[in-house]
Amino acid sequence: MPDGVEAKAQAAPFALPEINISAYQVLLSGVLIAAFLTRFVRLGTPGEFYFDETYFPRTAQEIYRGDPAAWQFYGHENTHPPLSKEFMAGSMAIFEFADNIAPPLVPGQGGVENAYAWRFFGALAGVGSVLFMYLLARKLFDSEIAGLAAAFILTCEGVVFAQSRIATPDTFVLFFMLGCVYFLVTDRFLFSGVFFGAALACKYVASLTAVPIVLYLVWKLITRLREQPREERMKWFEIALPAGIALLYMGLAFVLVGFLGRTPDTKPGLFDGLGAADYAGWLLVSMAGGSIVAGVAGLVKQRMQAGGTGTLLTPQGKTCLEIVLVVAVFFIIVPGSVFLSTYIPMLWHAEYRGGFLGIGSIIHLNRQAYDFHSNLDQPHPYSSTWDVWPIMGRPIFFYLGSDESKIYSLGNPLIFWASLPALAFVLWQALRYVGARVEASRILLLWGRLPTRQAALLFVILSYLGLWLPWAIQQETGGRVLFIYHYLPALSFAILALSYTVDWLWRREEQWGKYLAGGYLLAVAVTFAYFYPHLSALEVPRWLERTYYWDWLPNWLGFNWH
């Protein structure tokens, strides 16, 4: 440049934004990519219906075509609410539209007869479950390591994987349940209620999600009461009113169960043919009514004595009333509205608009479904009982192809078997600051404290038990045949326990902790890869397939069974 010539600063044609990416975000992206690839690669294989796909996608095809017969109970799949089938029908519509625009880009052909189409949203829900598992573990344990471990373990879990790739409601239930619990513990109750309603609209068993909901709200009530100033004691009506409302919820739940459990093809009144559930429900409703009336009367009397000035409720009373109203709005009204809205496609057809806004037709269809599940005791070769689920006692044989390829709903043994000691470890960690002693007078004394971190661990344990043990009652009282995929909601909390254990090991000062945590995760991935052919109908050499069955070991060791 010549001397004396002033250089002009030239602005860059464009500026690159500053991007700060942490190692945790890179790892999370890798886990989500792995979840996406494992769920979507070869999703269209097999190209025909298998196992329960003979029911759900077939009815989804009828919904997509606008066939009113799709909503008839007999001859169609209406033993479950319709949301999962509506997702399948929506996916068929999308793939049909995309195939007409850009056929080379669409897997398979068309939408209605395209296996990739009717499984698409289920696989997407499987990926979404991995994301919610990461968010939930990170929130509960305040640890990126725990979140990544939980997401990775769920990605490599065999039953979760198999259910993500078959067009049935179970993967949707898992996705919406995990979303419900995540939004619950982050105090976003509206979203939690929406996800709760969506889970219920896929399968009735999602009602067990009420267990973590109640546990969290009880904990929130206790912690908020402890934070309130104790300048004045709660008045009796401040206890009677919210307690009455809580009893009302319980009573109405029993009444609903009793009503649904009666003969579905009759139209009984609320008080016709009452059973045990009805009597219990109406007793609770009566007690609730008395408690609510007494509470309101006390509130009115307090207002009159105060002359219309001052506050009627103490801070503790306001907190109690707020919590029970949160339940009413966000976990009864909102989920109920979501559930009912999924029947709108049915009400497009005039023949289903019976009763007020079609409510009569919706109730009748659900009564038929409830009766079906309550009395379905037909044996099935791959059914299993609740007590063998934690040890993966009975996988499900889904599919056998002409090339001898197979699909099993088979859990990852390193996840199932390790989850039991992990749950025991988490329970020990949760109660490490709590002591107990039985006095000579046979009185149980408890003392200690329950910090927030320990409360989160206890939440995991109690939610696991609440999602698993009710199946024991169902098994003992008779009714529906059960399969290992009914364990999925409880399994997700067992995986949370595993993720906490991995995080605890990783944070040890000794190097062996990191080696053990990393080695376990690596072994989980290797085991998943080993079983992958029998989870996805991938043809393998005969020698490899023989290793999947236990009977090769005695022969290899030289034993002769004959």
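Residues numbered from 1 in each chain as written. Predicted model: local features only at pLDDT ≥ 70, side-chain atom pairs only at ≥ 80, totals over all residues. Heavy atoms only, no water.

1. Side note on the packing of helix H15 (residues 413-430) against helix H16 (residues 452-468)
- Contact geometry of H15 with H16 gives a least axis separation of 8 Å together with a crossing angle of 140°. With respect to their mutual orientation, H15 and H16 come out oblique. Both H15 and H16 take part in a crossing whose hand is left-handed. On H16, the residues that touch Leu-420, Leu-423, Val-426, Leu-427, Gln-429 and Ala-430 of H15 are Gln-454, Leu-457, Leu-458, Ile-461 and Tyr-464. (Axes fitted to C-alpha atoms, helices over the stretch in contact; angles between N-to-C directions. Helix = DSSP H or I, 4+ residues; strand = E, 2+ residues; numbered from the N terminus. Parallel < 35°, antiparallel > 145°, perpendicular 65-115°, else oblique. Left-handed = near helix turned anticlockwise from the far one by under 90°. Contact = heavy atoms within 4.5 Å.)

2. Focus: the environment of Asp-187
- Locating Asp-187 in the fold gives a position in the loop between helix H7 (170-185) and helix H8 (189-200).
- In this view, Asp-187 contacts Tyr-216 and Lys-220; residues no more than four positions away in its chain are not counted.

3. Let's talk about unusual backbone geometry
- With omega at 0°, the peptide bond leading from Thr-45 into Pro-46 counts as cis.
- Along the polypeptide, Pro-46 turns up in the loop between helix H1 (23-40) and helix H2 (56-65).
- You will see that Asp-187, though not glycine, has its phi angle at about 65°, which is positive.
- Phi angles above zero are rare outside glycine, and Glu-404 is one such case at about 70°.
- Its place among the elements puts Glu-404 in the loop between strand E1 (396-400) and strand E2 (406-409).

4. A word on the nonpolar core
- Counting 136 residues, the largest nonpolar core has Leu-140, Phe-141, Phe-176, Phe-398, Phe-493 and Leu-496 as the members making the most contacts within it.
- A total of 13 residues in this core trace back to one element, the largest contributor, which is H7.
- Formed by eight residues, the second largest nonpolar core is a distinct cluster that contains Phe-40, Leu-43, Phe-95 and Val-106. (Core = buried A, V, L, I, M, F, W, Y, C linked by side-chain atoms within 4.5 Å. Buried < 20%, exposed > 50% of the residue type's maximum accessible area, 1.4 Å probe, protein only.)

5. Points about the pairing of E2
- Neither face of E2 is left uncovered, since the one carrying Lys-406 and Tyr-408 and the one carrying Ile-407 and Ser-409 both have all their residues buried.
- Relative to E2, E1 runs antiparallel, the two sharing four bridges. Bridge pairing in E2 links Tyr-399 to Ile-407. (Pairing = 2+ DSSP bridges.)

6. Quick word on the pattern of salt bridges
- This structure, assessed with the given rule, holds 13 salt bridges.
- Where Lys-85 meets Glu-77, a salt bridge forms, and the shortest distance between an N and an O atom there is 3.1 Å. Like Glu-77, Lys-85 is buried.
- Between Lys-203 and Asp-170 there is a salt bridge, with the nearest N and O atoms lying 2.5 Å from each other. Of this pair, Lys-203 sits in the loop between H8 and helix H9 (210-227) while Asp-170 sits in helix H7, and the two are 33 residues apart along the sequence. Across the pair, exposure class does not vary: Lys-203 and Asp-170 are buried alike.
- One salt-bridge network, held together by shared partners, links Glu-404, Lys-406, Arg-542 and Glu-545. (Salt bridge = Lys/Arg side-chain N within 4 Å of Asp/Glu carboxyl O.)

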